[in-house]
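Breakdown of the fold
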Amino acid sequence: MDYGAMFIMKFLKKYGMLILLVIINIGIWIYQPQKEYTILYFTGKNFLNFIFMIVPVFICIGLMDIWIKQETMVKIMGKQSGLLGMITSLLLGMVTAVPLYALLPVTGVLLKKGSRISNVILFICSSTTIRIPLLLFEISSLGMKFTLIRLLLNIIVVIAIAFFTEFLLTEKDKKEMYTRIEEL
C-alpha cells in the first residue's frame, strides 16, 4: 500500500464518523431544511454546554496537577492509604456533579499523582452512582428507606468492583497503566 492510501485510511479512521455526520446533515438540509435548523440549534446548544462544562474542569485539573504534590496524593490516596484513601475517594466522588466525560481527565491526574487504582475506580464509580444531589432527589421521590438501602448496597458493590478490578490486574498491567498516564 502506498503512502497516499495509508494517509487516506488513517484520516478516514480518525475523522470518518464526523464526515458521515456532515454528509447526513447536508442531506437533511437539502431535503428538509426546517428539521436541519432544529438539528443545528440543538447541536450548537449542546456544544456550548459541553464547552462551559469542560473548560472549568480542565482549569481545575491543571491547578490540581500543579498545586498538589505527588507525595501528598500518595499519602492520601496511594497504595498505603488504606481506609483513609477509600473514604476520600468515595466522598470526592459523591460530591462531584459533572458528567462522566469530565471525570476521566480527573482520574488521569489522580493516577499520575500516584493514587491507588482501586481508589481511582472508587472515585469514578461513586461519582456516577452515589452523587449527593441525586440522593436528595431520590429521597424526595422514593423515600428515605429505599434511598438508604440503595446507598448501602451501592457502597458495598462499588468497593467490591474497585478491589476486584485491581486484584484482576497484573503488576505488568498496573505498570503499563501508570506509564501510559505519565506520557499524557
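Everything below is about the structure shown above.
Okay, so let's go over this structure.

Reading the values: the criteria
Residues numbered from 1 in each chain as written. Predicted model: local features only at pLDDT ≥ 70, side-chain atom pairs only at ≥ 80, totals over all residues. Heavy atoms only, no water. Helix = DSSP H or I, 4+ residues; strand = E, 2+ residues; numbered from the N terminus. Rg over C-alpha atoms; globule rule 2.2 N^0.38 Å. Phe/Tyr/Trp six-rings, centres within 6.5 Å; stacked < 30°, edge-to-face > 60°. Axes fitted to C-alpha atoms, helices over the stretch in contact; angles between N-to-C directions. Parallel < 35°, antiparallel > 145°, perpendicular 65-115°, else oblique. Contact = heavy atoms within 4.5 Å. Nonpolar A, V, L, I, M, F, W, Y, C, P; charged D, E, K, R; others polar. Expected span 1.5 Å × (residues − 1). Buried < 20%, exposed > 50% of the residue type's maximum accessible area, 1.4 Å probe, protein only.

Topic: the overall build of the protein chain
When you go through the protein chain residue by residue, the secondary structure sums to nine helices and zero strands. Put simply, the protein chain runs from its N terminus to its C terminus through helices and strands in the order α-α-α-α-α-α-α-α-α. Here the C-alpha atoms of the protein chain give a radius of gyration of 21 Å, more than 25% beyond the 16 Å that 2.2 N^0.38 yields for 184 residues. In terms of principal-axis extent, the alpha carbons of the protein chain reach across some 60 × 50 × 35 Å.

Looking at the packing of aromatic side chains
In this structure the tally under the stated criterion is three aromatic pairs. Between Phe7 and Phe11 the ring centres are 6.4 Å apart and the planes differ by 25°, which places this aromatic pair in the stacked class. Placement of both Phe7 and Phe11 in helix H1 (residues 3-31) is noted, with a separation of four residues, approximately one turn of the helix. Between Tyr41 and Phe42, the ring centres sit 5.3 Å apart and the planes meet at 70°, which makes this aromatic pair edge-to-face. Taken together, the aromatic side chains of Phe7, Phe11 and Tyr15 make up a single cluster linked through ring pairs.

Notes on the packing of helix H7 (residues 132-142) against helix H8 (residues 144-168)
Two measures define how a pair of helices packs: the angle their axes make with one another and the distance between the axes. Orientation of H7 relative to H8, taken along the N-to-C sense of each, is 140°, at an axis distance of 7 Å. One way to sum up the angle between H7 and H8 is to call them oblique. Within the contact between the two elements, H7 uses Leu135, Glu138, Ile139 and Leu142 and H8 uses Met144, Phe146, Thr147, Arg150 and Leu151. Counted by class, the contact of H7 with H8 contains six nonpolar, one polar and two charged residues.

With respect to helix H5 (residues 100-112)
Two residues of an α-helix separated by three or four positions point the same way, owing to the 3.6 residues in each turn. Over its 13 residues, H5 runs 19 Å from end to end, which matches the ideal 18 Å to within 8%, given 1.5 Å per residue. Buried within H5 we find Ala102, Leu103, Val106, Thr107, Gly108, Val109, Leu110 and Leu111. Where H5 is buried, its residues touch helix H2 (33-67), helix H3 (70-77), helix H6 (117-129) and helix H9 (171-183).

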